[in-house]
Amino acid sequence: MNNKVIVTNNPLIKKKYKDLKIIFVEDLSDVYKKCRDMVHKNWALISHPLAGSVKPAQNPYRSIVLVSGEKFDYYSLETIENAIAKLAQFSHNHKKREYSNKIKKDYQVIDLTLIDSALKN
Amino acid sequence: MKLELGKIKIDDIEFADETKVSSSTLYINKEELLELIREDSRIIDINLDIVHPGDSVRIIPVKDVIEPRVKVEGEGGIFPGFIAGEDMVGSGRTNVLKGAAVVTTGDIVGFQEGIIDMSGPGADYTPFSKTHNLVVDCDVKEDIKQHEHEEIIRMVGLKTATYLGKAAVDIEPDEVEVYEHKPYLEAAAEYPDLPKVGYVYMLQSQGLLHDTYVYGVDAKEIIPTLISPTEIMDGAIISGNCVSACDKNATYIHLNNPVIEDLYKYHGEKYNFIGVIITNENVTLADKVRSSNYTAKLAEMIGLDAAIISEEGFGNPDADLIMNCTKLEEKGIKTVLITDEYAGRDGASQSLADADPAGDAVVTAGNANEVITLPPMDRVIGHQKFADIIAGGFDGSLGEDGSISVEIQAIMASTNELGFNKLTARGY
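Because the structure is predicted, anything quoted here is derived from the model rather than measured. (Residues numbered from 1 in each chain as written. Chains lettered and ligands numbered in written order. Predicted model: local features only at pLDDT ≥ 70, side-chain atom pairs only at ≥ 80, totals over all residues. Heavy atoms only, no water.)

1. As for the overall build of chain B
Along the backbone of chain B there are eight helices and 25 strands. Radius of gyration (C-alpha) of chain B: 21 Å, near the 22 Å computed for a compact globule of 428 residues. Looking at chain B as a whole, 63% of its 428 residues qualify as buried. Sequence-distant contacts, at least 24 apart, represent 79% of the contacts inside chain B between residues at least 6 apart. Accessible surface computed for chain B: about 15100 Å², of which carbon and sulfur atoms make up 48%. Across chain B, 36 positive and 73 negative side-chain charges occur, with their mean positions spaced 2 Å apart. (Helix = DSSP H or I, 4+ residues; strand = E, 2+ residues; numbered from the N terminus. Rg over C-alpha atoms; globule rule 2.2 N^0.38 Å. Buried < 20%, exposed > 50% of the residue type's maximum accessible area, 1.4 Å probe, protein only. Contact = heavy atoms within 4.5 Å. Areas by Shrake-Rupley, 256 points an atom, 1.4 Å probe, with all protein chains shown as cover. Lys, Arg positive; Asp, Glu negative; His and termini not counted. Charge placed at Lys NZ, Arg CZ, Asp CG, Glu CD.)

2. Focus: the side chain of serine 205 of chain B
All names here are of chain B. Within the fold, serine 205 resides in the loop between β14 (196-204) and β15 (210-214). Residue classification places serine 205 among the buried residues on the basis of a relative accessible area of 0%. At a separation of 2.7 Å, a polar atom in the side chain of serine 205 contacts the side chain of asparagine 282. When sequence neighbours within four positions are dropped, the list of residues in contact with serine 205 reads His210, Asp211, Ala219, Lys220, Asn280, Glu281 and Asn282. (Polar contact = N/O pair within 3.5 Å; in protein donor to acceptor, adjacent residues only side chain to side chain.)

3. Quick word on helix α7 (residues 285-301) of chain B
Side chains that are three or four residues apart share a direction in an α-helix, a result of its 3.6 residues per turn. Across its 17 residues, α7 of chain B extends 24 Å between first and last C-alpha, which sits within 8% of the 24 Å expected from 1.5 Å per residue. In this structure, the buried side of α7 of chain B is in contact with β3 (43-45) and α3 (74-93) of chain A together with β14, β17 (225-227), β19 (272-281) and α8 (316-330) of chain B. Where α7 of chain B ends, the next residue or the one after it, glycine 303 of chain B, has phi of about 75°, a positive value. (Expected span 1.5 Å × (residues − 1).)

4. Here we look at a positive patch on the surface
Together, Lys15, Lys18 and Lys105 of chain A together with Lys145 of chain B make up a region of like positive charge exposed at the surface. Relative to the elements of secondary structure, lysine 145 of chain B occurs in the loop between β12 (132-140) and α2 (146-165). (Patch = residues over 30% accessible without salt bridge, like charges linked within 9 Å, V, L, I, M, F, W, Y side chains within 5 Å. Salt bridge = Lys/Arg side-chain N within 4 Å of Asp/Glu carboxyl O.)

5. Regarding helix α2 (residues 28-40) of chain A
Residues and elements named next belong to chain A. With 13 residues, α2 should cover 18 Å at 1.5 Å per step; its first-to-last C-alpha distance of 19 Å lies within 8% of that length. Of all the residues in α2, the buried ones are Leu28, Val31, Tyr32, Cys35, Met38 and Val39. Projected down its long axis, α2 carries its buried residues within an arc of 125°, all on one side. Structurally, α2 contributes buried residues whose contacts are with β1 (4-8), β2 (21-24), β3, β4 (63-68) and α3. (Arc of directions from axis to C-beta.)

6. Here's the deal with the nonpolar core
All names here are of chain B. Leu26 and Ile46 are the most contacted members of the largest nonpolar core, which totals 64 residues. Here the element with the most residues in this core is α2; it accounts for eight residues. Aside from chain neighbours lying at most four places away, what touches isoleucine 46 is Leu34, Ile37, Arg38, Val136, Asp137, Cys138 and Val156. Judged by nonpolar contacts, the second largest core, of 48 residues, contains Val51, Ile59, Tyr252 and Ala413. (Core = buried A, V, L, I, M, F, W, Y, C linked by side-chain atoms within 4.5 Å.)

7. A few points about the interface of chain B and chain A
Many structure descriptions define interface size as the accessible area lost when the parts assemble. Of the residues lining the interface, 46 residues belong to chain B; the matching set on chain A comes to 32 residues. Carbon and sulfur atoms make up 57% of the surface buried where chain B meets chain A, a total of about 3200 Å² over both sides. Here chain B is connected to chain A by zero salt bridges. Linking chain B to chain A there are eight residue pairs in polar contact (both at pLDDT 80 or more). Of the residues assigned to the side of chain B that touches chain A, the class counts are 20 nonpolar, 17 polar and nine charged. (Buried area = accessible area lost by both parts, 1.4 Å probe. Nonpolar A, V, L, I, M, F, W, Y, C, P; charged D, E, K, R; others polar.)

8. A short note on the side chain of histidine 48 of chain A
Relative to the helices and strands, histidine 48 of chain A resides in the loop between β3 and β4. A distance of 3.0 Å separates a polar side-chain atom of histidine 48 of chain A from the backbone nitrogen of leucine 50 of chain A. Aside from chain neighbours lying at most four places away, what touches histidine 48 of chain A is Arg62 and Thr79 of chain A together with Val283, Leu285, Lys288, Asn316 and Ala319 of chain B.

9. With respect to the pattern of salt bridges
All names here are of chain A. One pass over the full model with this rule turns up 25 salt bridges over all chains. Aspartate 116 is the partner of lysine 16 in a salt bridge, and the nearest nitrogen-oxygen pair spans 3.2 Å. Linking lysine 16 in helix α1 (residues 11-16) with aspartate 116 in helix α4 (residues 101-120), this pair joins segments that are 100 residues apart in sequence. On the accessibility criterion, lysine 16 (46% relative accessible area) is partly exposed.

10. Observations concerning the packing of helix α1 (residues 30-37) of chain B against α2 of chain B
Residues and elements named next belong to chain B. Axis separation between α1 and α2 bottoms out at 10 Å; the angle between their running directions is 140°. Considering their axes alone, α1 and α2 lie oblique with respect to each other. The hand of the α1/α2 crossing is right-handed. Of the residues in α2, those touching α1 at Glu32, Leu33, Leu36 and Ile37 are Val156, Lys159, Thr160 and Tyr163. (Axes fitted to C-alpha atoms, helices over the stretch in contact; angles between N-to-C directions. Parallel < 35°, antiparallel > 145°, perpendicular 65-115°, else oblique. Left-handed = near helix turned anticlockwise from the far one by under 90°.)

11. Looking at the sheet that holds strand β7 (residues 62-66) of chain B
All names here are of chain B. The mixed open sheet is built from four strands, whose spatial order is β5-β12-β10-β7. With one partner strand each, in any of the chains shown, β5 (43-51) and β7 form the two edges of the open sheet. With strand direction ignored, the average angle separating the axes of adjacent strands in the sheet is 20°. Note: strand β10 (residues 100-105) against β12, six bridges, orientation parallel. (Pairing = 2+ DSSP bridges.)

12. Focus on the sheet that holds β14 of chain B
Residue and element names in this part refer to chain B. Read across the sheet, six strands follow the order β17-β19-β14-β20-β21-β22 without closing on themselves; strand pairing throughout is mixed. In the strand order of this sheet, the two ends are held by β17 and β22 (362-367), each with one partner. If you compare each strand with its neighbour and ignore which way they point, the axes differ by 20° on average. Here strand β21 (residues 334-341) runs beside β22; their pairing, made up of four bridges, is parallel. Bridge pairing links glutamate 341 to asparagine 367 in β22. On top of the sheet, α7 reaches β14, β17 and β19; it is set at about 170° to β19, its chief contact.

13. What about the environment of leucine 263 of chain B?
Relative to the assigned elements, leucine 263 of chain B resides in helix α6 (residues 258-265). In this structure, leucine 263 of chain B is in contact with Val197, Tyr199, Tyr271, Phe273 and Ile308 of chain B, ignoring residues within four places of it in sequence.

14. Remarks on the packing of aromatic side chains
Summed over all chains, the structure comprises 11 aromatic pairs over all chains. Relative to tyrosine 252 of chain B, the ring of phenylalanine 128 of chain B lies with its centre 5.3 Å away and its plane at 85°, an arrangement referred to as edge-to-face. Pair noted here: phenylalanine 128 of chain B is in the loop between β11 (116-117) and β12 and tyrosine 252 of chain B is in helix α5 (residues 251-255), with a separation of 124 residues, a long-range link. Their ring planes at 35° and their centres at 6.2 Å tell us that phenylalanine 128 of chain B and phenylalanine 420 of chain B sit as a pair that is tilted. Of this pair, phenylalanine 128 of chain B sits in the loop between β11 and β12 while phenylalanine 420 of chain B is found in the segment after β25 (404-407), placing the two residues 292 residues apart along the sequence. Positioned over the ring face of phenylalanine 24 of chain A is lysine 14 of chain A, at 4.2 Å from the centre of the ring. (Phe/Tyr/Trp six-rings, centres within 6.5 Å; stacked < 30°, edge-to-face > 60°. Lys NZ or Arg CZ within 6 Å of the ring centre and 35° of its normal.)

As C-alpha cells, this is what we get:
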C-alpha cells in the first residue's frame, strides 16, 4: 500500500484512511488537476476518475487513488484528460451552490464507498 | 432451459378486502400487505398509493420499479437469493401481472433522484407512466445509515412485488410466450449457417447506491459469467442502483430486457442467439481490465461471431463499454454498442467519456442533457423538495407553481440503455 496515494477533497477519506498517504486539496477541480500533474510524473490511476454514475460536478467531493510507477502511463493520462473535459462540460450547467450539511455528508459517503470498493481489491 | 411466460393483462388496480385478480383488475388487501412489509423493525411508516396512467400525479424520488411475477411450475422462485432460495430459476412456467408495477420511493440520500409523471409531457419520457402503479413510500428510523436504508427499501419492493405476484398463481394467462435456451453445443449446431450472436449485459456495480445483484450476490464480486436469458426473466438479476434515473436498469427493466426479447425475435431466422454474458462495472481500472478480458474470453469460448453490448449508467462505465468493445473486436467478434449520451444541452459536446475507432456501430438511447419543463401536478407522492438537487436539476428547478425544469436525466428510464424507452437519434 505504501506506493499508493489518495488525492481527495473529501474529509471522510482523511478521517478513515489515516494510514494511507493522502493529498488533501480544497476544490473538486484541484483533485483532477493534481492527479493529471502526478500522471505526468509517472503516477498511474488505480481508480477511474469519474465517479460511478453520479454526474461530474454534481458531487462536490471526489477521491482518486494513484500508484507510483517507473514509466509514463499513457492510458492514465488519456483517462484523466477525458475526465477533466467531462467535468468542464458538466460544470458549465451546474452552478456551484451551498448544499445542506446532510447532503454534503451524503455526497461524502458516496465518494467514500467508491474508494472503499477500490481499495478492497 | 425452457420458460413459459404467462402474461395476465392488468388494466386496473384497486384496494379491496382480498388480494386477487379478477376481470383484468388487481385487487389489493392493503392491511395484509402492510403487515407483511412493515415487519422490519427499522421501518417507521409505509404509505401505499395507487396511481394510474393519465393521473395528475408526480412520483419523486423513485428508487426502483418492479413487475409482479410468480413461479407456477418448475424449480425455484422469483427473486432467487433474496425472496426465494438458491434453486436455479429460468425453467417451467412464470405468470406475470402485465400492466401492474410496484414503485418504491424514499429519501435515502439528500440528492436522491428519479421522476415519474403519470400525465403531461414528462409521461412520454418514462415507460412507467403507462403502468398501473402501487407506490410504496417507506420511512425508516433516523439513525439508519444510507446503505441499510437502501437495503430496507429494496427488500420492501421485492416483498411487495412477490406478494402481488402470488395473486396470479391460479389465473389463466391471456397470452403465453415460450423462451428456450439450449446447451451451447446444441444451440450452435441448430442453425450452423447463421451467425452466432451473443449479448454482453453490463451491470452497474460500483458501491453504495450503484449496485446490482445476481442470485443475491453483489455483482461487483463476480467475474463475468454465463446466464440463461430465461433466468433473468425470473428475477435472477435485481437492481440496487439508485443513481442516474434515466439510464439505470430498474428491476422491471431487467425482467423485461428488450435486447433479449428482440434477440429471440429473429433467432433462427437472421442469426443464432447463443446466449448472455453478464459482466460488471467496477471502480478500479484493474477490475475493468480483468472483467473485459474475461468477457472477451467467454465470448470466444462460446463461439460468438457478433455481440450486442449494453452499458448501464454513464461516465466511468464508458471505459468498461469501450474495453469490452475493443477486446471483442480484437478477437474478430463484431460488436454493436448500446449507450446514451451526455452531449450537453445543445448536443454539441463529446457524448461519452471514452471512445475508440473499433466502436463504429453504436445505438444511442438519447441525450440525457436535454432540458424539459414538467408542469405542476395535482398530487405529488414522495418528496418534491428534491427537485433542485436531483441529477439534472439545477438552482431554480422547482418553480413556485410546482413545475420543474430539469434535464431529462432526472426522469426514470428516459434514456435507458437497454432501449426500454422511446428516444433515439436518427440520421436523415
